[in-house]
Amino acid sequence: MKITRFSLVALITLSFFSCQKKVNPFEIGIDHVGELTKTSTVKDLDKIYAMDSIVKHIAGDEFVVNANEIEIYDKQGKQLLILEATQEFDSTATIKSIRVIDPRFKTVKGFNTLSTFKELKDNYTISKITNTLSSVLVDINEINAYVAIDKKELPNQVQFDTKTKIEAVNIPDTAKIKYFWLSWE
């Protein structure tokens, strides 16, 4: 009887640990990028990116454009992400936006920085398109993201006009993503 109880406890323990899902460090979800979540604080970054390099800009430095920015690099020195904190490096500050740099970061549907506009519109609902001076911003509310597409990718008749309302049909399927951000505000 003791062997059966021991076997049962071992089986339950083994099944518990095998059911826990390992986080994909490059998966982008609505509330996470790898192990980074909406509730992660600036002080958590040292643990989350322990094997990577973290560059925090110093407020007051004359060369710093945004003192709330934090850059993440991998071991080989390749830039992965640019994070923007809610405040200037207060340890309780959270991350309000993430610029995805490395194409290894992908949504569950495979969308990344190397994707085209066709891949975006085939997999997500476009919430809004904003015409700016040099880019078109495309909002994707279902993943709290937005992308920039360079206006050079657009037809000539809409490239140089900031007043024209740009629709999805005005953006070629082959248009490349210039920038990819997630917003957690």
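Before reading on, note that the structure itself is shown above.
To start, this report covers the structure provided alongside it. (Residues numbered from 1 in each chain as written. Predicted model: local features only at pLDDT ≥ 70, side-chain atom pairs only at ≥ 80, totals over all residues. Heavy atoms only, no water.)

Focus on the environment of V108
Thought 1: By the secondary structure assignment, V108 is in the loop between β8 (106-107) and α3 (117-123).
Thought 2: The exposure class of V108 is exposed, given its relative accessible area of 65%.
Thought 3: When the C-alpha atoms of V108 and E27 are compared, they prove to be 6.6 Å apart, with 81 residues separating the residues in sequence.
Thought 4: Apart from the residues within four sequence positions on either side, V108 is in contact with E27 and I28. (Helix = DSSP H or I, 4+ residues; strand = E, 2+ residues; numbered from the N terminus. Buried < 20%, exposed > 50% of the residue type's maximum accessible area, 1.4 Å probe, protein only. Contact = heavy atoms within 4.5 Å.)

Thoughts on the packing of aromatic side chains
Note on aromatic pairs: each is described by the distance of the centres and the angle between the planes.
Thought 1: The final tally for this structure, using the stated rule, is 5 aromatic pairs.
Thought 2: Here F111 and F180 contribute two aromatic rings whose centre-to-centre distance is 5.2 Å and whose plane-to-plane angle is 80°, an arrangement assigned as edge-to-face. Here F111, found in the loop between β8 and α3, pairs with F180, found in strand β12 (residues 179-183); they are 69 residues apart in sequence, far enough to count as distant.
Thought 3: Assessed through its relative accessible area of 1%, F111 is described here as buried. (Phe/Tyr/Trp six-rings, centres within 6.5 Å; stacked < 30°, edge-to-face > 60°.)

Some thoughts on the sheet that holds strand β3 (residues 36-37)
Thought 1: The 4 strands are arranged β3-β2-β1-β8 in an open sheet whose pairing can be described as mixed. Edge strands, defined here as strands with exactly one partner in the open sheet, are β3 and β8.
Thought 2: Across 2 bridges, the pairing between strand β2 (residues 32-33) and β3 is antiparallel. Paired with V33 across the strands is L36, a residue of β3. (Pairing = 2+ DSSP bridges.)

Let's talk about the pattern of salt bridges
Thought 1: Taken as a whole, this structure holds 9 salt bridges when the rule is applied.
Thought 2: Note that D74 and R104 form a salt bridge whose closest N and O atoms lie 3.1 Å from each other. Remark: R104 occurs in the loop between β7 (95-100) and β8 and D74 occurs in the loop between β5 (69-73) and β6 (79-85); sequence separation between them is 30 residues.
Thought 3: Taking the relative accessible area as the measure of exposure, D74 reaches 9% and is therefore buried.
Thought 4: Judged by its relative accessible area of 39%, R104 is partly exposed.
Thought 5: As a salt-bridge pair, E84 and K96 come within 3.5 Å of each other at their nearest N and O atoms. With a gap of 12 residues between them, E84 in strand β6 and K96 in strand β7 connect regions that are remote in the sequence.
Thought 6: Residues joined by salt bridges that share partners form a network here, namely D74, K78, D102 and R104. (Salt bridge = Lys/Arg side-chain N within 4 Å of Asp/Glu carboxyl O.)

Observations concerning the pairing of β6
Thought 1: For β6, the tally of buried residues reaches 5 of 7 residues, placing the bulk of the element in the interior.
Thought 2: Both β5 and β6 contribute to a ladder of 5 bridges, which runs antiparallel. When the bridges of β6 are listed, E69 appears paired with E84.
Thought 3: Connecting β5 to the next strand, β6, in antiparallel fashion are 5 residues, including G77 with a positive phi near 90°.
Thought 4: Looking at chain direction, β6 and β7 are connected through 5 bridges and run antiparallel. Bridging from a neighbouring strand, E84 pairs with S97 of β7.

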